[in-house]
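# A structural walkthrough
What follows is each chain in one-letter form.
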Amino acid sequence: MTEERGPAHRSGCPINLSVEVLGDRWSLVVLRDVMFGDRHYFRELLTQSQEGIASNILADRLRRLVANGLLWRAGDDSHRQKIRYSLTEAGVQLVPVMAALGSWGRRHLPASHELSVRAELLERGGPELWDRFMDELREQHLGIARPPGTPSVFAELQAAYEAAVNAASPATPDRR
């Protein structure tokens, strides 16, 4: 009888183990797009990300994120060959990590205002907002109902982003 083993790890250090799962150039970007961009399908993730991930890299990262238990995949009733990707509970629990990364990047790197407005809101909202957002993601990705009457954090983040984009766009002249 052969013993099945998981992937070999460099060490049992929790930071090392996390970096082995999340520390490549694309995994966090894919998770960001599923989490904050409401993207669930390969084509959406491929074409709607500003970073321009290659299709072979995206396919590999999706496979790895599923294998590592951060995403799960299911068929789509609308098309036999279409696969929907959703966050697992472990993926949902990355919200505080993503908030911390966004906060750090906003403070220390040349982030644009439009793309950092969500990070700023998550930073200001802190753990209470993160918990509400995780509840909303659980509802969206895992089918676990959130408390009734809870306002949508996703809608708040999206509205702030859209307002920042609109404020940055040059005004179009009135042509009468």
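Refer to the structure above for everything that follows.
What you see is a predicted model; the values in this text were computed from it and never measured.

In this section: the overall build of the chain. Within the chain one finds eight helices and two strands. Going from N to C terminus, the chain has its helices and strands arranged as α-α-α-α-β-β-α-α-α-α. C-alpha extents for the chain along the principal axes are approximately 80 × 40 × 40 Å. For the chain, the residues scored as buried account for 35% of the 176 residues in total. For the chain, restricting intrachain contacts to residue pairs at least 6 apart in sequence, the fraction spanning at least 24 positions comes to 51%. Approximately 11,200 Å² of the chain is accessible, and the part contributed by carbon and sulfur atoms is 54%. The average position of the 22 basic charges and that of the 23 acidic charges among the side chains of the chain differ by 5 Å.

The subject of this paragraph is the packing of helix α2 (residues 27-35) against helix α6 (residues 95-108). Orientation of α2 relative to α6, taken along the N-to-C sense of each, is 110°, at an axis distance of 12 Å. Here α2 is positioned roughly perpendicular relative to α6, judged by the angle of their axes. Touching Leu-28, Leu-31, Arg-32 and Met-35 of α2 are Val-95, Met-98 and Leu-101, all from α6. Split by residue class, the contact of α2 with α6 holds six nonpolar, no polar and one charged.

Moving on to the pairing of strand β2 (residues 79-87). The side chains of a regular strand alternate between both faces of the sheet. Relative to β2, strand β1 (residues 71-76) runs antiparallel, the two sharing six bridges. Note that in β2 the partner of Asp-76 across the bridge is His-79. Where β1 hands over to β2, the hairpin turn is made up of two residues, counted between the paired strands.

This next bit is on the nonpolar core. In this structure, Leu-31, Met-35, Leu-71, Leu-87 and Phe-133 are the most contacted members of the largest nonpolar core, which totals 37 residues. Elements with a minimum of two residues in this core: α2, α3 (42-47), α4 (55-67), β2, α6, α7 (113-142) and α8 (153-168). The element best represented in this core is α7, accounting for eight residues.

As a further point, take the packing of α6 against α7. Axis separation between α6 and α7 bottoms out at 8 Å; the angle between their running directions is 180°. In terms of axis orientation, α6 runs roughly antiparallel to α7. Mapping the contact onto sequence places Val-95, Pro-96, Ala-99, Gly-102, Ser-103, Arg-106 and Arg-107 in α6 and Ser-116, Ala-119, Glu-120, Leu-122, Glu-123, Trp-130, Phe-133, Met-134 and Leu-137 in α7. Residue composition of the contact of α6 with α7, grouped by class: nine nonpolar, three polar and four charged.

Calculation notes
Residues numbered from 1 in each chain as written. Predicted model: local features only at pLDDT ≥ 70, side-chain atom pairs only at ≥ 80, totals over all residues. Heavy atoms only, no water. Helix = DSSP H or I, 4+ residues; strand = E, 2+ residues; numbered from the N terminus. Buried < 20%, exposed > 50% of the residue type's maximum accessible area, 1.4 Å probe, protein only. Contact = heavy atoms within 4.5 Å. Areas by Shrake-Rupley, 256 points an atom, 1.4 Å probe, with all protein chains shown as cover. Lys, Arg positive; Asp, Glu negative; His and termini not counted. Charge placed at Lys NZ, Arg CZ, Asp CG, Glu CD. Axes fitted to C-alpha atoms, helices over the stretch in contact; angles between N-to-C directions. Parallel < 35°, antiparallel > 145°, perpendicular 65-115°, else oblique. Nonpolar A, V, L, I, M, F, W, Y, C, P; charged D, E, K, R; others polar. Pairing = 2+ DSSP bridges. Core = buried A, V, L, I, M, F, W, Y, C linked by side-chain atoms within 4.5 Å.

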